Amino acid sequence: MNDLQEASDVSSIYSPVKVVKSVKNILIAYGILFLIFILILLSKGNGVPPKAWTVLVFNFLILSVASCAVACILVLQNRFLVKRAWNNSTDDFKHEICVETNEIGIKIITARSESIMQYSVYTYWQETSSLFIIYYQDGSLYNIIPKTAFSDEDRVSEFRQLLIANIPSKRKKG
């Protein structure tokens, strides 16, 4: 469950890190608008009427609180959806899964199924501190390979090199 949540946090547009960054950008934009309105009011001369200050500050606070509330709802919704997906998943994904790699692709074996996915099917991959996440189709589907599945750091490095050689890595933005 923790691996699935970590992969979702990396992949989802509603991950806590991405949502906080978006809210921060929205609040900066609100702050800039707030300053522009203050400059406009000050440029009119004769001081700023108290009612204008009240309306301006009230609107700024309402927009800020609404943005934070929406952000919290999106993060909680993402957490809920991951937990629901885990609870509704078949037992195959809650038990041992064997993953084998070769020069052609990645073979995934469960108690009930076996599939081989050629490297060309995968669109990109990402690495976190504890996972390899390998995306396919439009990037909305992925396989999770926990680093704890490898016997040692040499095997982790070997798998990383296999991914580098066969699948493009996702470029970091910013």
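What counts, and at which threshold
Residues numbered from 1 in each chain as written. Predicted model: local features only at pLDDT ≥ 70, side-chain atom pairs only at ≥ 80, totals over all residues. Heavy atoms only, no water. Buried < 20%, exposed > 50% of the residue type's maximum accessible area, 1.4 Å probe, protein only. Helix = DSSP H or I, 4+ residues; strand = E, 2+ residues; numbered from the N terminus. Pairing = 2+ DSSP bridges. Core = buried A, V, L, I, M, F, W, Y, C linked by side-chain atoms within 4.5 Å. Contact = heavy atoms within 4.5 Å. Phe/Tyr/Trp six-rings, centres within 6.5 Å; stacked < 30°, edge-to-face > 60°. Axes fitted to C-alpha atoms, helices over the stretch in contact; angles between N-to-C directions.

Asker: So, the pairing of strand β5 (residues 131-136): which residues are in play, and what are the values?
Answerer: Each regular strand shows side chains that alternate between the opposite faces of the sheet. For β5, the buried fraction is high: six of the six residues fall into the buried class. Of the two faces of β5, the one carrying Leu-131, Ile-133 and Tyr-135 and the one carrying Phe-132, Ile-134 and Tyr-136 are both buried. Bridging between strand β4 (residues 122-127) and β5 involves five bridges; their strand directions are antiparallel. Looking at β5, one finds that Trp-125 is bridged to Ile-134. The antiparallel hairpin formed by β4 and β5 contains three residues in its connecting segment. Examined bridge by bridge, β5 and strand β6 (residues 141-146) share six bridges and lie antiparallel to one another. Bridging from a neighbouring strand, Phe-132 pairs with Ile-145 of β6. Counted between consecutive antiparallel strands, the loop separating β5 from β6 contains four residues, among which Gln-137 sits at a positive phi close to 60°.

Asker: Which residues make up the nonpolar core, and what are the values?
Answerer: Counting 14 residues, the largest nonpolar core has Tyr-122, Phe-132, Ile-134, Leu-163 and Ile-167 as its most contacted members. Leave out the neighbours within four places in its chain, and Ile-134 touches Ile-106, Tyr-122, Tyr-124, Trp-125, Leu-141, Tyr-142, Asn-143, Ile-145, Phe-159, Leu-163 and Ile-167.

Asker: I'd love a proper account of the packing of aromatic side chains, names of residues and values included.
Answerer: Per the stated rule, a full pass over the model turns up six aromatic pairs. When the centroid spacing of 5.0 Å and the interplanar angle of 70° are considered together, the rings of Phe-132 and Phe-159 count as edge-to-face. With Phe-132 in strand β5 and Phe-159 in helix α4 (residues 153-166), this residue pair connects regions lying 27 residues apart in the sequence. Judged by its relative accessible area of 0%, Phe-132 is buried. Residue classification places Phe-159 among the buried residues on the basis of a relative accessible area of 6%.

Asker: Pulling in residues and values, what's your account of the sheet that holds β5?
Answerer: What holds strands together in a sheet is hydrogen bonding between their backbones, with the strands either parallel or antiparallel. The three strands are arranged β4-β5-β6 in an open sheet whose pairing can be described as antiparallel. Edge strands, defined here as strands with exactly one partner in the open sheet, are β4 and β6. Strand-to-strand twist across the sheet, computed as the mean angle between neighbouring axes with direction ignored, equals 20°. Against the sheet, α4 engages β4, β5 and β6, with an angle of about 20° to β5.

Asker: Hey, could you go over the environment of Thr-148 for me, with residue numbers and the actual values?
Answerer: Residue placement: Thr-148 occurs in the loop between β6 and α4. According to the relative accessible area criterion, Thr-148 is exposed, its value standing at 74%. On a C-alpha basis, the gap between Thr-148 and Leu-131 in space is 8.3 Å, while along the polypeptide they are 17 residues apart.

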